[in-house]
Each structure stands twice: as C-alpha cells, then as structure tokens.
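Report on the structure
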Amino acid sequence: MARRIDVTGTGGVRLAAWEFGDPPKTDPAGLDSARDVPDGPPGVLLLHGLMGRASHWASTARWLSGRYRAVALDQRGHGRSDKPPQGSFTRDAYVDDAEAALEQLGLAPVVLIGHAMGALTAWQLAAKRPDLVRGLIICDMRASALGAASQREWDQWFKSWPLPFATLADVRKWFGEDDPWVERPNPARGAFYAEVMAESPDGWRPVFDPEQMLRSRETWVYDAHWEELAQVRCPALVVRGLDGELGRAEAQEMVRVLPRGQYAEVADAGHLVHYDQPEAWRAAIEPFLDALSTE
C-alpha cells in the first residue's frame, strides 16, 4: 500500500510525498499519532537521486515503517511531483523543498536518508537546519567536484537512449545489459530504470525531462561540497557500494570531515546500493539507526 501526501515546495511547486508502510495509527480523538502526539514514532525522510523517484525507496520504507514514520519524497522534476518548464532546479530549490516537506509533514527532528543527489540535498539541509535533523545517512554520493567532462558525458548519455522503448522488457534489457555504461549485466539496474518510465502513445519514455535533469546536475557537478559536509553536526553514516561511484578513499575522507561521521560499505553493490543488495543495505544502516534510537 502507498499513501500519497501532497506538500508545497518553494515557489509553490507541488510535491508528492509517499508512505509505503502501514499508515500511522490514529487515536480515538482522530489525531494522527505520528504528527500530533509528542511520543509518536520518529520520522525518516528518504530522498532519491537524480532521475529517481520515491518508489525506489519502497522496500526500505516498508522495512523502516515498523519503527519510524518513513516518508519518501518525489523531488521537483521527478516522479509525480511538478515539473515546471521554467522552474528553478538549483541546490537551494531542492534543499528548501526538503525543508518545507519536513515542516509540513511534521517529521522533525528527522533521520535523513539520501541516495546520490538526494544525499547531497540531505547533508546540505542538515548543515542549514541542524534543529530539524537528528541523523543522516549518505548513500554513494561524492563530495568532490566532478567537472565539465562529467556533465558532457551525461549529456551524450541521455542522447544515446533509444527512445521510445517499445516495451518495459526493452527498458530493462537496455539499462541492464546494452547501455554502454553497463560493465556487466545488472538486472537491478534495469529494474531501477523501468520504474521511471511511463507509457506514451509511441512507447515508453522517462517520467522526467532529461533537460531538467541536466539543469539540476549542473548546479552541483562543478563544485566541491566539503564545506557543507563539515557543518553537519548530527551523527552521519557514509555508505558506499564497493563497485559504486564513491571510492573508498574519498568516502573515508568524508567520514573524517564529518564531525560525527561513520563508515559502512556493501559488497557486490554498485551505485544503486539499495537496489543491488537490499538486504545488505539494510544490514549496513541498521546498527547506525539502532544507536540513534538510544541517544
């Protein structure tokens, strides 16, 4: 079961937030126990990466829902949230959206869990509003600048997609096997991208605008983000897949820069850690979450 909650982001952008576990219990007076009762379950906000959507967190959110009010957000330009043609896709816009969602959903003080670009948003929000964040999990996101060559590669990669795809099976095969960026067959990667396709009159196309994705990416790809990382005061866990985009040396430097940083890695996982190895992903973050609950 998935329950949608609409929230309003910066500039009036409509954002779709989702609860994938059982809904919060309601007391006899009709109060939402997670939102209105002081001793309601602690909150978790899950932020997907570039091109992702909230449903990529469904398995993690259901697992968390036994102990937390776990909400995943479709960020602007993604999933079921607004994709304004002339909208802002800056770092500030993404961070302000997450901040607005926390406040409107009544989740704070929250544990933020972010993957890739969503992890950057999470640590920038934790640095900006330490009063709202009690814990942070960073999944496979680099703090260093990636540079102009990386942005050009992404532009060319988007242009290489054989759109439209005739079937979802074609989507899974191309992203899981035929994409030049795939080093070896990866069914989880194919499933990940199938999740962000929608059927159109001529076939299957992404639910996002690739140009908006490039605009989002160009607002962070040229810069390093160590300064914001150093400003995060809550406990933080850096998780990397052994075959992911975040190298071990950089991940360990991120842990060193974080005032209360910790490190975990997941074997046999690439960039899509929570998709590649869902059980190992949960095992990697559970001790951190357990320790948070005792603080």
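This text follows the structure it describes.
Residues numbered from 1 in each chain as written. Predicted model: local features only at pLDDT ≥ 70, side-chain atom pairs only at ≥ 80, totals over all residues. Heavy atoms only, no water.

Re the layout of surface pockets
So the rule is basically this: The way it works is a 1 Å grid over only the protein atoms, where trapped points that fit a 1.4 Å probe form a cavity and open points with protein on both sides within 12 Å along at least five of seven lines form a pocket, and then any residue with an atom within 4 Å of a point lines it. Grid points are joined across faces, edges and corners, and a volume is the space filled by probe spheres set on the points. Every helix listed is a DSSP run of H or I at least four residues long, and every strand listed is a run of E at least two residues long, numbered separately from the N terminus. Each residue receives one of three labels: charged for Asp, Glu, Lys and Arg, nonpolar for Ala, Val, Leu, Ile, Met, Phe, Trp, Tyr, Cys and Pro, and polar for the others, Gly being one of them.
Considered as a void within the structure, the largest pocket measures approximately 1100 Å³ in volume. Around the largest pocket sit 38 residues that line it, and Arg189, Asp243, Glu245, Gly270 and His271 are the ones nearest its centre. Contributions of two or more residues to the lining of the largest pocket are made by α5 (148–160) and α7 (187–194). Split by residue class, the lining of the largest pocket holds 18 nonpolar, nine polar and 11 charged.

A few points about the pairing of strand β3 (residues 43–47)
Each regular strand carries side chains that alternate between the two faces of the sheet. Rules: Partly exposed describes any residue whose relative accessible area lies between the buried limit of under 20% and the exposed limit of over 50%, with all areas from a 1.4 Å probe on protein chains only and scaled to the type maximum. Two strands are said to pair when DSSP picks up at least two bridges between them. A crossover counts as right-handed when, viewed with the strands pointing away from the observer, the path leading from the first strand over the helix to the second turns clockwise.
Among the five residues that make up β3, five are buried, leaving the element largely enclosed by the rest of the structure. Along β3, one buried face is formed by Gly43, Leu45 and Leu47 and the opposite face, lined by Val44 and Leu46, is buried too. When β3 meets strand β4 (residues 69–74), the two strands line up parallel, connected through five bridges. Across the sheet, residue Val44 finds its bridge partner in β4, namely Ala70. Each parallel crossover has a hand, and the one from β3 via helix α2 (residues 58–64) to β4 is right-handed. The pairing of β3 with strand β5 (residues 110–115) spans five bridges and is classified as parallel. By the bridge assignment, Val44 is partnered in β5 with Val111.

Concerning the sheet that holds strand β10 (residues 261–266)
Cut-off, in case you're wondering: What counts as an axis is a line fitted to C-alpha atoms, over the stretch in contact for a helix, and the angles between N-to-C directions run from 0 to 180 degrees. When checking whether two residues touch, look at their non-hydrogen atoms; a contact exists if any pair is within 4.5 Å.
Ordered in space as β1-β2-β4-β3-β5-β6-β9-β10, the eight strands form an open sheet in which the pairing is mixed. Here the strands that pair on one side only, and so sit at the sheet edges, are β1 (3–8) and β10. Neighbour-to-neighbour, the strand axes of the sheet open up by a mean angle of 25 degrees, direction not taken into account. Contacts between helix α3 (residues 91–105) and the sheet are confined to β1, β2 (14–19), β3, β4 and β5, with β1 contributing the most and set at about 115 degrees to the helix. Against the sheet, helix α10 (residues 248–257) engages β6 (133–139), β9 (236–241) and β10, with an angle of about 155 degrees to β10.

Some words on the pattern of salt bridges
Using the following cut-off: A pairing counts as a salt bridge when a side-chain nitrogen of Lys or Arg comes within 4 Å of a carboxyl oxygen of Asp or Glu.
Scanning the model with the defined rule gives 22 salt bridges in all. With a shortest N-O distance of 3.1 Å, Glu19 and Arg69 are connected by a salt bridge. Of this pair, Glu19 sits in strand β2 while Arg69 sits in strand β4; the two residues are 50 residues apart in sequence, bridging distant segments of the chain. By relative accessible area, which is 2% here, Arg69 ends up buried. For Asp155, the salt bridge is made with Lys159, and the minimal N-O distance between the two is 3.5 Å. Linking Asp155 with Lys159, this pair stays in helix α5, spanning four residues, or about one helical turn. Several salt bridges converge on common partners, so that one network encompasses Asp96, Glu99, Glu103, Lys128, Arg129 and Asp131.

Remarks on the side chain of Asp140
For the record, the criterion: The charge count includes Lys and Arg as positive and Asp and Glu as negative, but it does not include His or the ends of the chains. Any pair of N or O atoms that falls within 3.5 Å is considered a polar contact. Within protein, one atom must be able to donate a hydrogen and the other to accept it, and sequence-neighbouring residues count only if both atoms are side-chain atoms.
In this fold, Asp140 is placed in the loop between β6 and α5. No salt bridge is formed by the buried Asp140; the nearest opposite charge belongs to Arg240, separated by 5.6 Å. Engagement of the side chain of Asp140 in a polar contact is seen with the backbone nitrogen of Gly241, the distance being 3.4 Å. In terms of polar contacts, Asp140 uses its side chain to reach the backbone amide nitrogen of Glu245, at 2.9 Å.

Quick look at the side chain of Ser81
Examined against the element boundaries, Ser81 turns out to sit in the loop between β4 and α3. Look past the residues within four positions of Ser81 in its chain and what remains in contact with it is Arg14, Leu15, Ala16, Asp74, Gln75 and Arg76.

Topic: the environment of Thr60
On the secondary structure map, Thr60 appears in helix α2. Along the chain, Thr60 and Lys159 lie 99 residues apart, while their C-alpha atoms are 32 Å from each other. Not counting residues up to four positions away in its chain, the partners in contact with Thr60 are Leu46, His274 and Trp281. Of the polar contacts made by the side chain of Thr60, one reaches the side chain of Trp281; its length is 3.1 Å.

Describing the nonpolar core
The condition is simple: Residue types Ala, Val, Leu, Ile, Met, Phe, Trp, Tyr and Cys, when buried and joined through side-chain atoms within 4.5 Å, form a set referred to as a nonpolar core.
Grouped together as the largest cluster of nonpolar side chains are 66 residues, with contacts concentrated most on Met51, Trp123, Leu136 and Ile138. In contact with Ile138, not counting residues within four places along its chain, are Gly114, Ala119, Trp123, Leu229, Leu237, Val238, Val239, Met254 and Leu258. Of all hydrophobic cores here, the second largest spans 29 residues; its members include Ala16, Ile137, Leu237 and Val239.

Things to note about the packing of aromatic side chains
Here is the rule: Classification of ring pairs rests on two measures: the distance between centres of Phe, Tyr or Trp rings, Trp counted by its six-membered ring, which must be within 6.5 Å, and the angle between planes, read as stacked under 30 degrees, edge-to-face over 60 and tilted in between.
For the coordinates displayed, the defined rule picks out 19 aromatic pairs. Aromatic side chains Phe165 and Trp174 sit 6.3 Å apart centroid to centroid with 55 degrees between the ring planes, which places their arrangement in the tilted category. For the pair Phe165 and Trp174, one class covers both residues: buried. Ring plane angle 80 degrees and centroid distance 5.3 Å describe the contact between Phe192 and Tyr275, whose orientation is recorded as edge-to-face. Here Phe192 is found in helix α7, whereas its partner Tyr275 is found in helix α11 (residues 273–276), with 83 residues between them in sequence. Aromatic rings pair up to connect Trp154, Trp157, Phe158, Trp161, Phe165, Trp174, Phe175, Trp181, Phe192, Tyr193, Phe208 and Tyr275 into one cluster.

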